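Residue-level structure breakdown
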Amino acid sequence: MEAPSLTNVALNKSTAQGPGTWSDPTLYKSDNAVDGIEKTEAMYCTHTSYANIMWWMVDLQAIYRIYRVAVLNRGSFEYRLQNFTIDVFMNDPRADPDFPGTLGNICAYRNIPVGVSQWAELTCDPRPSIGRFVRVVKTGYEHLTLCEVKVFSPSIQFGRNFVRTPNTKSHTEPQHFLGVFSSPIYCALAMLQYTELNINQFNHLDGRCLGSITVSGKEISSDQSWSLYIED
Ligand SMILES: [Ca+2]
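Residues numbered from 1 in each chain as written. Predicted model: local features only at pLDDT ≥ 70, side-chain atom pairs only at ≥ 80, totals over all residues.

**Things to note about the nonpolar core**
The line we're drawing: Here, a nonpolar core denotes buried Ala, Val, Leu, Ile, Met, Phe, Trp, Tyr and Cys residues that are linked to one another through C-beta atoms within 7 Å. Residues are called buried when their C-beta atom has 20 or more other C-beta atoms within 10 Å, exposed when it has 12 or fewer, and partly exposed otherwise; all C-beta atoms are positioned from the backbone. Secondary structure elements follow DSSP: runs of H or I of four or more residues count as helices, runs of E of two or more count as strands, with numbering from the N terminus. Note on contacts: each residue gets a C-beta atom placed from the backbone, and two residues are in contact if those atoms are within 7 Å.
With 34 residues, the main nonpolar core has Ile 66, Val 69, Val 134, Val 136, Leu 146, Val 149 and Val 151 as its most contacted residues. Broken down by secondary-structure element, the contributors of at least two residues to this core are strand 3 (53-66), strand 4 (68-72), strand 5 (84-89), strand 8 (129-139) and strand 9 (148-153). Looking at which element gives the most residues to this core, the answer is strand 3, with seven residues. The contacts of Val 134, once residues within four sequence positions are left out, are Ala 10, Met 57, Val 58, Leu 60, Ile 66, Val 69, Ile 86, Val 88 and Val 151.

Next comes the structure, spelled out in structure tokens:
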């Protein structure tokens, strides 16, 4: 299966930043990073106040498989944009009482400073990160400023439909063991991290999750402990 074409799914989505917006909240607002304007003077950028943890976050309003994130640094005080992490959450992490001290699924970490008015491209490693909320976070009592943030994903994600066939096991090889999970939804999410896979099967008794590419009707059997999920 070829590499998917990626688009920026963060554009004009809803954003937030903390610990509050620096100085004038109407000027350095968090949505400056998703307005599509790639100017790097401070007034076009986000700008947090400072505390032990500074963060900026976008709600993609759907679950996406995120391959990489690009951030545009401002044209002055550029040294501030270093030692930051990009993490991804399925649900709004602000609901967690420990927020912003909670850590999501880490897409990437960048320790070296980003240059003046430069883009930094961070690839989610070792695999795409799956989630809805993408955060840029750093520690250390220093403002976080971002002039634009792009989140690259296949544009249609998790609008993908899977048709469940209960009491069915596929024996079509190869079957990739994806883990042991408590629910078929986690099995589906695990499968989506592998672009080449589009079929999964879940064992309701022991939680085993298997992924595959094709399914052959001849190699399906009735099995009460398994459900087969095939992309529609
Ligand atoms: Ca902008």
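**Some words on the sheet that holds strand 10 (residues 162-170)**
Threshold: In this scheme, strands are said to pair when DSSP sees at least two bridges between them. Under this scheme, a helix contributes an axis fitted over its contacting stretch, all axes are lines through C-alpha atoms, and angles between N-to-C directions fall in the 0 to 180 degree range.
Here five strands make up an open sheet; going across it, the order is 10-14-12-13-11 and the pairing antiparallel. Of all the strands in the sheet, just strand 10 and strand 11 (176-180) have a single pairing partner and so form its edges. On average, adjacent strands in this sheet sit at an angle of 25° to one another, irrespective of strand direction. Across eight bridges, strand 10 lies against strand 14 (residues 220-231) in antiparallel orientation. Counted as the bridge partner of Arg 164 is Tyr 229 from strand 14. Against the sheet, helix 1 (residues 184-192) engages strand 10, strand 11, strand 12 (199-203), strand 13 (208-212) and strand 14, with an angle of about 145° to strand 12.

**Overview of the domain arrangement of the protein chain**
Heads up, the rule is: Boundaries of every domain are those given by an automatic assignment or by a domain database.
According to the domain assignment, the protein chain consists of domain 1 (7-153) and domain 2 (162-231). The C-alpha centroid of domain 2 is placed 35 Å from the C-alpha centroid of domain 1.

**What about the sheet that holds strand 8?**
Across the sheet, five strands lie side by side as 2-3-8-5-6; this open sheet has antiparallel pairing. Among the strands making up the open sheet, the edge pair consists of strand 2 (14-18) and strand 6 (105-110). Ignoring strand direction, the axes of neighbouring strands in this sheet form an average angle of 20°. Pairing geometry for strand 5 and strand 6, over five bridges, is antiparallel. Residue pairing across strands places Thr 85 opposite Tyr 109, the latter belonging to strand 6.

**A look at the environment of Gly 211**
Mapped onto the fold, Gly 211 is located in strand 13. Given 24 C-beta atoms within a 10 Å radius, Gly 211 is considered buried. The spatial distance from the C-alpha of Gly 211 to the C-alpha of Gly 179 is 9.8 Å, given a sequence separation of 32 residues. Leave out the neighbours within four places in its chain, and Gly 211 touches His 176, Leu 178, Met 191, Tyr 194, Leu 197, Ile 199 and Asn 200.

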